[in-house]
Amino acid sequence: MDAVIENLPAILDAFWLTIKLTAISAVISLILGIVLVAMRVSPLPVLRAVGTAYVNGVRNSPLTLIMLFSGLGLGTVMSLKFSDDLSVQDFWLAIIALSLYHASFVCEALRSGINTVPMGQAEAARAIGLTFMQNLRLIILPQALRAVIAPLGSILIALTKNTTVAAAIGVGETALLMKNLFELEGDSVIPIFIGFAIGFLILTLPTGLFFGWLAKRLAVVR
Amino acid sequence: MQKHFGSLHVLRDINLNIDRGEVVVVIGPSGGGKSTLCRAINRLETIDEGRILFDGRPLPEEGRALARLRSDVGMVFQSFNLFAHKTIMENVTLGPIKVRGVAREDAEKRALELLDRVGIASQAQKYPAQLSGGQQQRAAIARALAMNPKMILFDEPTSALDPEMVQEVLDVMIELAQEGMTMMVVTHEMGFARRAANRVVFMADGQIVEENTPDEFFTNARTDRAKDFLSKILTH
């Protein structure tokens, strides 16, 4: 256990980066997921096609591939620049990859939520003169969102763990630090494993419990 | 006008005119096209041929113009369709605030008057699921009235209600009819038709079979199809 305790400051720093990656990507993928689902249910065939193509393309690609595309394709080849500081630059490229990837899952969760909202709700909204966007924003999405809190929690947990893929483009989060520690502290591989696993449990277990509680609290009674 | 659902011809050669202030009850066997006709008037159903004029103008096909038309045509559904995640007060004020641009304070004041009129002002802060069916339907009528509609469509408003709650909803509708609201009511409530309707339209197999005054229709229907229908519902 000494190897873990000695390196605790570095480990905590790495976990803090994991938390930042998770939180920022979660917000962006929620917003992007809402935009995507609006496209997928829109009355315009072009928007529907674009939304469907996005979800099918991105959801079925490996995250590592998207991460490397973001790091090498966007960052190096297309010279997308966030900062001259390399660690900040890689951090934001990782956020782009994580957000693009998880938005497709958020979109599909929301779409299944929309299917739980009875047709009559949308009809009543149309009948009082709400436009399509007002209908979606005020009536459909609020109810759909409440129906899929628990699945969204699962996506957040997956996102938390998937941030480790950012190691592939050199972001100094937990997975990268763990790999480095294995090299420095060769005799303590098992304690280091356990230490990091516990670290992730501390992040993800409460997430699951909180979303379970939230889902019950916000459920729409019909 | 004409409408098909696939190979089913649900509205055949429909030609109907409703005057301002008139109360028209549409009656007939289920599957006869009554609800479809009702829903076509605010374009919740589209029609294949023919045209519908409201206030002398053809129904807009889509977009903001259609939304504006719908805001002028109230609709009350069989299954109430109150917004489940909003309180009764929010249900009634949503349209005026978001569609008409009324200030929240004014919208709430008017909503309370309307809820008081339909007898459920004390339920304003509750959610739809906390109300009885009759109370929910009265809230839905208040929601329609809040838009100051030129006409209200009622699509079987009492069919989903427990028997003891039917009258409280009909009372509200009778009062509206007496105040001169233009109404089209799809219903099987003979009592309502007799007391409040100016005209009964009997529909079967997608056609308007008979148009008559309520008294004439119920006591002395002109067509065999209507007589047959009435004998089935009035004998028990």
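As the structure is a prediction and not an experimental result, all values here were calculated from the model. (Residues numbered from 1 in each chain as written. Chains lettered and ligands numbered in written order. Predicted model: local features only at pLDDT ≥ 70, side-chain atom pairs only at ≥ 80, totals over all residues. Heavy atoms only, no water.)

S.K.: Tell me about the overall build of chain A, and name the residues and values.
M.R.: Counting its regular elements, chain A contains 10 helices and zero strands. Each helix and strand of chain A, placed in order from N terminus to C terminus, yields the pattern α-α-α-α-α-α-α-α-α-α. The buried share of chain A, taken over its 222 residues, is 46%. A sequence separation of at least 24 residues applies to 75% of the contacts in chain A between residues at least 6 apart. Accessible surface computed for chain A: about 11100 Å², of which carbon and sulfur atoms make up 71%. Treating the 14 positive side-chain charges of chain A as one cloud and the 12 negative ones as another, the clouds have centres 25 Å apart. (Helix = DSSP H or I, 4+ residues; strand = E, 2+ residues; numbered from the N terminus. Buried < 20%, exposed > 50% of the residue type's maximum accessible area, 1.4 Å probe, protein only. Contact = heavy atoms within 4.5 Å. Areas by Shrake-Rupley, 256 points an atom, 1.4 Å probe, with all protein chains shown as cover. Lys, Arg positive; Asp, Glu negative; His and termini not counted. Charge placed at Lys NZ, Arg CZ, Asp CG, Glu CD.)

S.K.: How would you summarise unusual backbone geometry if you had to cite specific residues and measurements?
M.R.: Residues and elements named next belong to chain B. At aspartate 55, a residue that is not glycine, the phi angle is positive and equals roughly 60°. Relative to the assigned elements, aspartate 55 resides in the loop between strand S4 (53–54) and strand S5 (57–58). Using a relative accessible area of 36% as the deciding quantity, one classes aspartate 55 as partly exposed. The backbone phi angle of asparagine 81 is positive, close to 55°, even though this residue is not glycine. By the element assignment, asparagine 81 lies in the loop between strand S6 (73–76) and helix H3 (88–98). Here asparagine 81 falls in the buried class, since its relative accessible area comes to 10%.

S.K.: I'd love a proper account of the side chain of A:Thr207, names of residues and values included.
M.R.: Residues and elements named next belong to chain A. As for its position among the elements, threonine 207 is in helix H10 (residues 189–218). Assessed through its relative accessible area of 15%, threonine 207 is described here as buried. At a separation of 2.7 Å, a polar atom in the side chain of threonine 207 contacts the main-chain carbonyl oxygen of leucine 203. Filtering out sequence-adjacent residues up to four positions away, threonine 207 remains in contact with Leu156 and Ile157. (Polar contact = N/O pair within 3.5 Å; in protein donor to acceptor, adjacent residues only side chain to side chain.)

S.K.: Tell me what's going on with the UniProt feature "domain: ABC transmembrane type-1" (unreviewed entry) in chain A, and back it up with residues and numbers.
M.R.: Mapped onto this numbering, the UniProt entry annotates "domain: ABC transmembrane type-1" (unreviewed entry) at residues 15–211 of chain A. In residues 15–211 of chain A, the share of helix is 80% and the share of strand is 0%. The end C-alpha atoms are 21 Å apart. (UniProt positions renumbered as here; feature names shortened; annotations may be inferred.)

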